[in-house]
Every structure is written in C-alpha cells, then in structure tokens.
Amino acid sequence: QELALKSLGNEGLFLFSSLDTNKDLYLSPEEFKPIAEKLTGVAPVSESEEEETPDPDGETLSIVAKFQPLVMETMTKSKDGFLGISHVALSGLRNWTAPAAPMSVLLARQFKAFLPPKNNLDLGDPWWIIPSELNIFTGYLSNNRFYPPPPKGKEVLIHKLLSMFHPRPFVRTRFAPQGAVACIQASSSFYYSIAFRIHAEFQLNEPPNFPFWFSPGQFTGYIVLSKDSSHVRDFRLFVPNNRSLNVDMEWLYGASESSNMEVDIGYLPQMELESTGPSIPSVIHDEHGNVLASRDPSGEPIQFVFEEITWQQEIPWQEAAHRLEVAMYPFKKVSYLPFTEAFERAQAEKKLVHSILLWAKPPVPLPVPGSGRTLRETVLESSPILALLNESFISSWSLVKELEELQSNRENEFYSKLAKLHLEKYNFPVEMIICLPNGTVIHHINANDFLDMTSMKPEDVESSIFSFSTNFEDPSTATYLQFLKEGLQRAKPYLQP
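Residues numbered from 1 in each chain as written. Predicted model: local features only at pLDDT ≥ 70, side-chain atom pairs only at ≥ 80, totals over all residues. Heavy atoms only, no water.

## A closer look at the overall build of the protein
Within the protein, the regular secondary structure consists of 13 helices and 22 strands. Contacts in the protein between residues far apart in sequence, at least 24 positions, make up 71% of those at least 6 positions apart. In the form shown here, the protein has an accessible surface area of approximately 23900 Å², with 52% of it arising from carbon and sulfur atoms. (Helix = DSSP H or I, 4+ residues; strand = E, 2+ residues; numbered from the N terminus. Contact = heavy atoms within 4.5 Å. Areas by Shrake-Rupley, 256 points an atom, 1.4 Å probe, with all protein chains shown as cover.)

## Considering unusual backbone geometry
Pro-208 follows Pro-207 through a cis peptide bond whose omega is 10 degrees. Topologically, Pro-208 is positioned in the loop between strand 7 (201-203) and strand 8 (212-216). With omega at 5 degrees, the peptide bond leading from Phe-428 into Pro-429 counts as cis. Tracing the sequence through the fold places Pro-429 in the loop between helix 11 (413-425) and strand 21 (430-435). If you check the backbone angles, Ser-229 has positive phi at about 60 degrees while not being a glycine. Among the secondary structure elements, Ser-229 is positioned in the loop between strand 9 (219-226) and strand 10 (232-238). For Ser-229, a relative accessible area of 4% gives the class buried. (Buried < 20%, exposed > 50% of the residue type's maximum accessible area, 1.4 Å probe, protein only.)

## Some remarks on the packing of helix 10 (residues 400-408) against helix 11
Where helix 10 contacts helix 11, the axes come no closer than 8 Å and their chain directions differ by 135 degrees. The angle between helix 10 and helix 11 places the two elements in the oblique class. Here the hand of the crossing between helix 10 and helix 11 comes out left-handed. Residue-level inspection shows Val-400, Leu-403, Glu-404, Leu-406 and Gln-407 of helix 10 in contact with helix 11, the latter providing Tyr-415, Ser-416, Ala-419, Lys-420, His-422 and Leu-423. Here the residues of the contact of helix 10 with helix 11 sort into six nonpolar, three polar and two charged. (Axes fitted to C-alpha atoms, helices over the stretch in contact; angles between N-to-C directions. Parallel < 35°, antiparallel > 145°, perpendicular 65-115°, else oblique. Left-handed = near helix turned anticlockwise from the far one by under 90°. Nonpolar A, V, L, I, M, F, W, Y, C, P; charged D, E, K, R; others polar.)

## Some words on the sheet that holds strand 11 (residues 247-252)
Overall, antiparallel pairing links the five strands, which are arranged 4-7-8-11-12 in an open sheet. Of all strands in the sheet, those bounded by a partner on one side alone are strand 4 (169-170) and strand 12 (261-266). Relative to strand 8, strand 7 runs antiparallel, the two being bridged by two bridges. By the bridge assignment, Phe-202 is partnered in strand 8 with Phe-214. (Pairing = 2+ DSSP bridges.)

## Points about the pattern of salt bridges
Once the charged atoms of two side chains with opposite charge are near each other, the side chains can pair. Scanning the model with the defined rule gives 17 salt bridges in all. One salt bridge in this structure joins Glu-307 and Arg-233, with 3.5 Å as the shortest N-O distance. One end of the pair, Glu-307, is in the loop between strand 16 (291-294) and strand 17 (313-314); the other, Arg-233, is in strand 10, and 74 residues separate them in sequence. Here Glu-272 makes a salt bridge to Arg-236, at a shortest N to O gap of 2.8 Å. Remark: Arg-236 occurs in strand 10 and Glu-272 occurs in strand 13 (residues 270-275); sequence separation between them is 36 residues. (Salt bridge = Lys/Arg side-chain N within 4 Å of Asp/Glu carboxyl O.)

## What to know about the pairing of strand 20 (residues 393-399)
Of all seven residues in strand 20, seven are buried, a share of seventy percent or more. Residue alternation in strand 20 divides its side chains into two sets, Phe-393, Ser-395, Trp-397 and Leu-399 and Ile-394, Ser-396 and Ser-398, and both sets are buried. Judged from the two bridges that link them, strand 18 (residues 336-337) and strand 20 form a sheet pairing that is parallel. The partner of Leu-337 across the bridge, within strand 20, is Ser-396.

## Thoughts on the packing of aromatic side chains
Tallied over the full model, the rule gives 24 aromatic pairs. Ring pairs connect the aromatic residues Phe-67, Trp-96, Phe-165, Phe-202, Phe-214 and Phe-219, which therefore count as one cluster. For the cation-ring pair, Arg-94 lies above Phe-82, with the distance from its terminal atom to the ring centre recorded as 5.3 Å. It is Arg-236 that lies over the ring of Phe-238; its NZ or CZ is 4.0 Å from the centre. (Phe/Tyr/Trp six-rings, centres within 6.5 Å; stacked < 30°, edge-to-face > 60°. Lys NZ or Arg CZ within 6 Å of the ring centre and 35° of its normal.)

## Topic: the confidence of the model for the protein
For the protein, per-residue confidence averages 84 on the pLDDT scale, and 80% of positions sit at 70 or higher. Of the regions scoring below 50 in pLDDT, residues 47-51 engages in seven contacts with residues more than four places distant in sequence or in other chains. Scored below 50 in pLDDT, residues 362-370 shows 32 contacts in the model against residues more than four places distant or in partner chains. (pLDDT = per-residue confidence, 0-100.)

Here's what the structure looks like:
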C-alpha cells in the first residue's frame, strides 16, 4: 500500500483502488475493462448477452426515454448559492441534461427477466428479480467507484434499460435495500401484468473528478407480456415525482473512502421509459412457413390489430405497489400515512400519532449513525414494535422540507400549527415524536440519542428502560418499546372518554 501510494500519489491510488474491486493491489483484465472501454471506445459483448441467441423471427420492442434534469434550486445547498462547492464536483450533474439514448429497440424475449419464477404465484405475492445482498450486518458497498461491475443474469436487462438514461448505472445500490422486486398485478389465460420496483443509482463523475452518486428514491413501473415472453404488450418504468424531493446525491471531496462526503437532496421532474407500442415481429409466416408479410425496407413496421386482453384476476395498482414496498421495507407492514392524513385518522380513531421526522427521504442513505435507514433496518422491523404500532398508533413519516412548506402555508391554520409543533422538537438527523391528535407533542427522542442509549450496556444505565423482563434480548427493541409505552402512559389523561 505504501509503495503504491509512493508510485501513484493520493489521487492516482484513489483511481486505482476504485478499479481494484477485490483489493489485492493487482488489476485483472476484468477490473481494467472500464478503462479499456473508455480509451478504445469499444465495449465487448458481455457473456450474458452472448448466451441470448436472437430469434430472427422474434418480436422487437421500441422504447423511448424521457428525461428532465434535476431542478438545481430544490437542492438545499442552492440556498447559499452552492457556497464552498467546486464547480467540478457538480459538473456531472449539471451536464446531464438529456437521456444517453432517447430510443432503443430490444428483443421482446429479453423481458422474460420480469416473468415470475413459477406459475402458481398468487396475485401480489412478491419475488426478487435481483435479490438484495445487503442488510444491517453486511454494511454497505464502497463509495469509491466510478464504473459499474459487469451485469449478470437478469441484471443485464435492467442495466440495459437504465443505460438509456446515463452510461453508468449501478443496478445494485450501495445501501440496503438493493435489487429489484416484482409481483403479478393481473393475469389472463395468456398474459401477465407485472408491477416492479427497482433500487438503482448512477455514478455521474469520471476520473480525474471524485465520485458523485445520484440515487433516485426508486424506479417503479409495469410490464404486460405473454406468459412465454414472446410478446410485450406494454411497458413503463419511471421515478415517481409525486413528492417534493425524490433524489439523494452524495459526492466525495478527497482521494480516500474516508474523505468528507457532501450530501444533498433534490427534485427530479421526469425520468421515464415507455414502449411506443406493442412488440412486433419482423416477419410473419403461415402454417407452411411461407412469408405472409415482412417489415418494409424503409423500416416501417408490419401493421397489426391486437386482440383485447381480458383479465381474469387483478388487484389495484396501489395494492401491488404497497406489496413491493413492504418486500423492500418490512417496517412498512405498519402503514405510514402522509402527515395531515395521519392526524385526521388519529382524530377519527382516537389514537396517538407516532411520527418520524427526518431531513432526507427514507430510502436516502444518510451517512450518519442515527439515520432513518438504521431505524428501519432494526427496531421498526421488529415484531413487538410492529404489533404495538398497529394496535395503538397512527404512524407517519415526513421530511423536514415538507413540514416547512406546510408551516408557511397559511391557507390551513390547523395544518400549519401541526407542522410548527413538530419542527419545534426536531433535531438533525431524525426525531421520533409521539403526539396527540391535536398535534401536542407528549414525548420525543432524537435518533442519535436513542442509538447512544442502546449502545450502552444494560448495567451501565440507571433506568428501568433496559428491563429485560419483557423477554426482549435486543436493547434497541426494548428501548423503543419503552418509548412508545411511555407515550401511551402520558397520553392517558388526554384520551379518557
């Protein structure tokens, strides 16, 4: 390591390390491949693509990419004019103004990656297209990378689709939950409508600049395809834009993994792939093998009239999307309602509001110990917490920026007051709050304080908070359960009939 540093210098070693994926201080041909492709401009066909033998009579699907760049004014650092942030750091973001490939034609059979693993799955039962390989115990993948690893298996199609937006998509995010999950939304005799959710991110910078990670909250969408994958009727993939912030960004400021990392959030108006129509064959044969019709030499497709699909079973899109969300985030077995809706429900059901207020979006990987990611991968997924929240609370998960906007909106004084009461108790990065249906806060704890408490040994704490008579060995679960129960106890005088 010292010799490498002496030979290459800090920044040279940083680039070398970003390519040396197995950290053996030796670049194999596979590890050197991104640089070879960059220098030669030639990308060899991957093994996975070679395995796919094109059917000359197979159908093709035309897909268009629609992209509107990030609204820079929505980044928090825009408030001070990006003071102290070098222009070079944001160059990859500022220069990304259009999709890398506005249109692409793919084989219909490549979309078999979206088919369920077996035919007897019930509607809404999720399966993994790309399994998540990370959890709270495995940690996260390196930030010091520029070029995605070669995609394998079902990753190939996802990589190809996301490459229409930008040339460097990572189909597995650095943080859990990563991968892609799907479920059947509707079924007929010959067709499936499949809903899917993908967690992927992009690397916007290249050497000599330092890495800049662009991580949409999620990609979601649906595909309608035949059960033998020979025909695709419809396809759409998009980043939801119904929240005020939907992208996390992180960038390094130095030539090491431990270098300072800047974090910000922003709004992306549009990132979408859509089929221009159903997949179509280039040639049609009769039962004797004679050509009945073929694609016009000018490229005009064969004209078709497609039969109407009659679904024999289906579930609403919202239900399918929720099933996928719960597969990615088990803590979502508790419904987390929008802020104002949670208080309306709490008033109707005479329950307390369990509210989590955080600086960045839940899927955002905040590089701080007390992040929403840490919470949802530990206590909020535990069975005792899920049971108590479902029984006694209405839960909500909100962004600070959303509540600031709600507070400044004077059209509804009650909602403005609710937001104000929450923000008064907020400390970075995450605040857990228990309040009455009228917004009065009766208990709250900061995530950093909570994690500090649960990292102590039980005998070091002069409190009944670590009483293990509740049969919970995990101090995090015991502590959060105590927090919720204390909230219920304090609320008793207010919730008496």
